[in-house]
Structure formats: structure tokens, C-alpha cells
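Examination of the molecular architecture
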Amino acid sequence: MTSSASRATRGPAARGRAPSRAQFLFPTRTTEGGRLRWDGISWLRVAAWLFCAGVIATPLSAIAVQAFSGNHLPLLLQGDVLEAGLNSLISAGLSATGAVAIGTALALLLDRTDLPGARILRLFMLTPLLVPPFVGAIAWLSIAGPAGPVNRFWSDTFGAPLWNIYGGDGVVFLLIVHSYPIAYLIIGAALRRVPSDLEQLARIGGAGAWTAVRHVTIPLLKPALLSAFTLTLVSNLADFGIPSIIGLPERFVTLSTLVYRYIQSGTVDAPLEVVSTIGLLLLVLAAIAVIADTLVSRRKLELDGGATVAVPLQLGRAKPAIALITWTTGLALTALPIFALATQALLPAPGVPLTWENLTLDSFRRALGSPSTATGAINSIVLSVGAGIICAIVGLTIGTLITRLRSRDNAILNGLALLPQAIPGLVLAVGWLIIAPQLGLFNTPWLILCAYVMAFLAMVVQSVNAPLRSTPLALEEAARLAGASRARALVDISWRLAAPAAITGGVLVMLTAVRELTISVLLVAPGTQTIGVLIFNLQQAGAYNAASALSLIITVIGLAGLGLTARSIRA
């Protein structure tokens, strides 16, 4: 009797009791009377999984199935594919090595020495990161092309051009210019965690400044150096804009330009199967690079913060010479291309001398007055805004689910959402190209939208994850104690906390997608061209000045937009 009464009393009390922290964190499916009880959170998680399976896993699976169905693997060791593969590996490997070398030198000079004007120079040196690579290629053609001012001056003075940027060496140079900022950001962040006490101890022991850096600091940066090399290698391996504009005129073919040629010209049998095989090769190379980076990152050193205030290394008597070289190089790599783009846009034709009498706005009028420009601009705006909104909503949902609710599938869901950022955009486009006919999306702009969402979703997920992981769960627990359901607490508390980060991530997606080329150029159809594809087509058609005018416009708008976004983040 006592036992029955106790159970009867304990039952209602337990049902009315406020949920504990563990109850809020752990279950996504709860049981009641031995039956599974699905609440709003459970359905939200199912929806997130279905979205990732449809938008991310399906295109990647289609590539693997298509690649193995035709047994085209031997093709990778033959003819054009083998040559393009070697060109891709060589250009990506050399450019990644050069980018890491420049990024390391910049990190040491800007963050570890008393170089004058380091803060302003850092902003200049990061500018190429904000300019689309194909726009950078158009700008550098205006400087070092066969009809550029450098080669004209050199030919007039010495009788022969100095350097023709067309060809493999030009591709490697421009890949370095557009990837060293990424290497600098990774290496600089790692360098700031290395306490300067170690270098000071080496100096006290009699070592010179360079000896202390070489034997103390650089060995501690090895994991960051490998991460920077891996990321730039994967990114450069499938870059399309630079090899197509700089490499193809000299028959320097890479895998990305070869895929574009196969899709556009249909010169091979079963082009989708062949292209899928190439895409699978790129996917495997990217996976190997990411796995290698992950294995090395697990062995990274844990360093305590410095016990004293960081003291910059003194450059001594070499300071003026190093400052002059660094500032000259920085301005040559950042301000000079934008200046060249502006002058090219203001001149009536390539090779016309830069004088006040020759300056005209005709290139802007022709570029902006064309109906195809209006179509491209509208498509780019609609697609980028759509991708930004979808990525913001889905990224907010996934980010809050994996950071505020504990579940066994969190790691897999997070990894699936972040996976596309480690995969070349070319591979993503091929995946959507395969499944488009079955989905009824072929030759529609929605195909590009789906690929944009797949490629850029990770931006928002990472933006949401970072602030939520450092925010305690006290507010959600208080809401549950007040009687709110798990879904209500998640929406009212977690979503509101993460909404600013999701909006910022969505804006970054818009600004990135509106200038995108690699994905768009493979998926474009009549009437669906974007502004990036339009600039590329103008360049290929020989309308260099109109292409420069449009490139200048989207560069200025992009720099202004990204600057405002960065300012809002800091605020």
C-alpha cells in the first residue's frame, strides 16, 4: 500500500517537474509509455538531414556513380587528361608553395617586427582576397599582357618584351597573388599564439633575430604551414578563371578548363561520364589533402600564453630597406591591378596611350547599355540574394541544432554541412549537372541556385557555430524552467542569439555568389547567364575594355560591401 501510494504520488510530480539540463541537452526523441514521442525539435532535425542529403550528398553520390558506371578510369592516364592533370598538379603545387612562403614572410614582418605602417600595409595585402581571381587575371593582362605598358616600354627600350603573362608561369603567378592572403590569415593567426618569450630567451642565449625565428618560431608554425598549403592547394587545383584567361591562349590546359571544353564542345563520347571521372579525381585529391591536414592538426602543440608583453623584433639597420621592399611589393600586388583595371576601362581600346584626351566613358556605356548586362545583373542579384536567404535560414537551423542540442549525429550533420567548402566548385557543378535532368532543373537558373546553396552553406554554419559555442545554456534552461517546450526555447532564445551571425553569414554568401564564375560557367544556360559569366564571355570575345569596365564595377561594389560587412561584425 505504501509502495503504491508512493508511486502514485511520484508519477504526477515527475511529470510536472521542470526539465533538467541533461533533459534539455540530450534527447531529440523522448519516450512516453514505451513509445517514441517526436516533438518539434525532432522534426526540425529530420528536415535538416533531408536538406543536407538532398542538396549535398545527392550530387556527390551522383558523381561517384556516374564515374564508375562508364569505367573511364584508364582515361585519366591518357592524352589530354593526363597532360591537364599534370599541369593542374604542377600549377597548384607551385602556387601553394609560393603562397605559403609569401604568407609566412608577411606574418613574420607584419605581426612580429617593428616594420613601419604594418597595420595599413596589412589591409593592402589582404585586398586580393576580396577580388575575384578572374577579375585579377583581366587586370594583370592590362599590366603584363603583350600590349601592356610594361612590355611596350621594355620593347621600346631593349628591343624585346620583358615577360608575356600568358602561359603556365602566368597562371602560377596569379594563383599565388590570389591565394597568399589566405595563407597569411592562417599562419598569422597561429603566429599570434606563439609566445614571444621563446624568441627572447633565444636572443638572451646569444642567437640573432633571424636565428631565433628560424630555430624557434618557424618549427612551431609547421601545423599552420601545412594547413595553409593544403587549403590553397585544393582551392587552386580547380580554379577556372585564371587558367582559362591566362593559360588557354598558350595551350596551357588544366583539369578545370578541360572539363569546360568537354562540356561545351562535346568532343568526347559520354562527356558527363568523362567529366564525372575527372571530378571524382579532384574529389579524391581534396579528400586526401583534408585528411592529411586533420591528422597533422591532431598532433598540434598546445602553447601557453606569454608571460610578458610581446616585444617586436627589431629590424635594425635593415629596417628602411625592408620597409621599402615590402611596401613597394604590397602596392604593386594590390593597388596596381585596380589602377590598371580603371585605366583599361577608361581607354577606348587596348594599347591606346594613357592621356587625358584618350580618356572616355564609352566602355562603361557599352557595357552597362547592353541587354545582356541587365539580364546578367538581374540573374546574379536574384540568385545571390536567394542563396544568401536560404543559406541563412538553413545555416541558422543546423548551427543551433548542433551547438545547443546534444545528439549522436551532431558530428556527422556538421561534417556534411561543412564538406562542400573543402571540395572544388568545379566538382560541385558537375554533380548538379548530372542530376539536373532527373529533377527538371536543366537549363533553369534554379540549378545555379542549388549549387550556390551547396557551395556556400558552410559560411553561415561556421558563422553561427562560433558565437553559440561560447554562449552558456543558462537562458535556454531558464526558459524550460518557466514551462517553455524545447522547440520554443530553441526558437525564442538560441535563434535570437544567433540571428545576427546568420544574417552576416547570409550577406557574405550574397557578396561571394554575385561574383562567382567557376560554378556558373558550367551550369549556365540561355537566359540564365550571370555577371561573372558575362565578363568572362566579353573577355573571350575580345571586348577587353568593356570587360574591364564591368570588372571594375563589381570589384568596387564587392570591396565596399565586404568592408561594410566587416565593419558591422566588429561593431
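Residues numbered from 1 in each chain as written. Predicted model: local features only at pLDDT ≥ 70, side-chain atom pairs only at ≥ 80, totals over all residues. Heavy atoms only, no water.

**So, the overall build of the chain**
Across its full length, the chain holds 25 helices and two strands. Across the 571 residues that make up the chain, the buried fraction comes to 48%. Of the contacts made within the chain by residues no fewer than 6 positions apart, 80% connect residues no fewer than 24 positions apart. (Helix = DSSP H or I, 4+ residues; strand = E, 2+ residues; numbered from the N terminus. Buried < 20%, exposed > 50% of the residue type's maximum accessible area, 1.4 Å probe, protein only. Contact = heavy atoms within 4.5 Å.)

**Concerning the pattern of salt bridges**
Tallied over the full model, the rule gives six salt bridges. Residue Arg 45 is joined to Asp 409 by a salt bridge in which the shortest nitrogen-to-oxygen separation is 3.0 Å. Pair noted here: Arg 45 is in helix 3 (residues 40-69) and Asp 409 is in the loop between helix 17 (371-404) and helix 18 (410-418), with a separation of 364 residues, a long-range link. On the basis of relative accessibility, which here comes to 18%, the residue Asp 409 falls in the buried class. (Salt bridge = Lys/Arg side-chain N within 4 Å of Asp/Glu carboxyl O.)

**Side note on the environment of Phe 51**
Structurally, Phe 51 can be placed in helix 3. Note: C-alpha distance between Phe 51 and Val 394 (343 residues apart in sequence) is 8.4 Å. Discounting chain neighbours no more than four positions away, the residues touching Phe 51 are Ile 56, Ile 390, Val 394, Val 453 and Leu 457.

**Points about unusual backbone geometry**
Among all residues except glycine, the phi angle is most often negative; among peptide bonds, the trans geometry is most common. Phi is positive for Arg 251, close to 60 degrees, though the residue is something other than glycine. Along the chain, Arg 251 turns up in the loop between helix 12 (241-247) and helix 13 (255-265). Given the relative accessible area of 72%, Arg 251 is considered exposed.

**So, a nonpolar patch on the surface**
Among the surface-exposed residues, Leu 77, Leu 82, Leu 86, Ile 90 and Leu 94 lie close enough to one another that they form a single nonpolar patch of about 490 Å² accessible area. Tracing the chain through its elements places Leu 77 in the loop between helix 3 and helix 4 (79-112). Using a relative accessible area of 65% as the deciding quantity, one classes Leu 77 as exposed. (Patch = residues over 30% accessible without salt bridge, like charges linked within 9 Å, V, L, I, M, F, W, Y side chains within 5 Å. Areas by Shrake-Rupley, 256 points an atom, 1.4 Å probe, with all protein chains shown as cover.)

**As for the nonpolar core**
With 142 residues, the main nonpolar core has Ile 246, Ile 278, Ile 398, Trp 432 and Leu 523 as its most contacted residues. The element that contributes the greatest number of residues to this core is helix 20 (residues 445-469), accounting for 15 residues. (Core = buried A, V, L, I, M, F, W, Y, C linked by side-chain atoms within 4.5 Å.)

**Here's the deal with the packing of helix 3 against helix 17**
Any two packed helices are characterised by how steeply their axes cross, that is the angle between the axes, and by the distance between the axes. Direction vectors running N to C along helix 3 and helix 17 enclose 125 degrees, while the axes themselves pass 10 Å from each other. Comparing their axes, helix 17 and helix 3 come out oblique. Remark: the crossing between helix 3 and helix 17 carries left-handed chirality. Contacts between helix 3 and helix 17 pair Ile 41, Leu 44, Arg 45, Ala 48, Phe 51 and Cys 52 from the former with Ile 390, Val 394, Thr 397, Ile 398 and Leu 401 from the latter. Across the contact of helix 3 with helix 17, the residue classes tally to nine nonpolar, one polar and one charged. (Axes fitted to C-alpha atoms, helices over the stretch in contact; angles between N-to-C directions. Parallel < 35°, antiparallel > 145°, perpendicular 65-115°, else oblique. Left-handed = near helix turned anticlockwise from the far one by under 90°. Nonpolar A, V, L, I, M, F, W, Y, C, P; charged D, E, K, R; others polar.)

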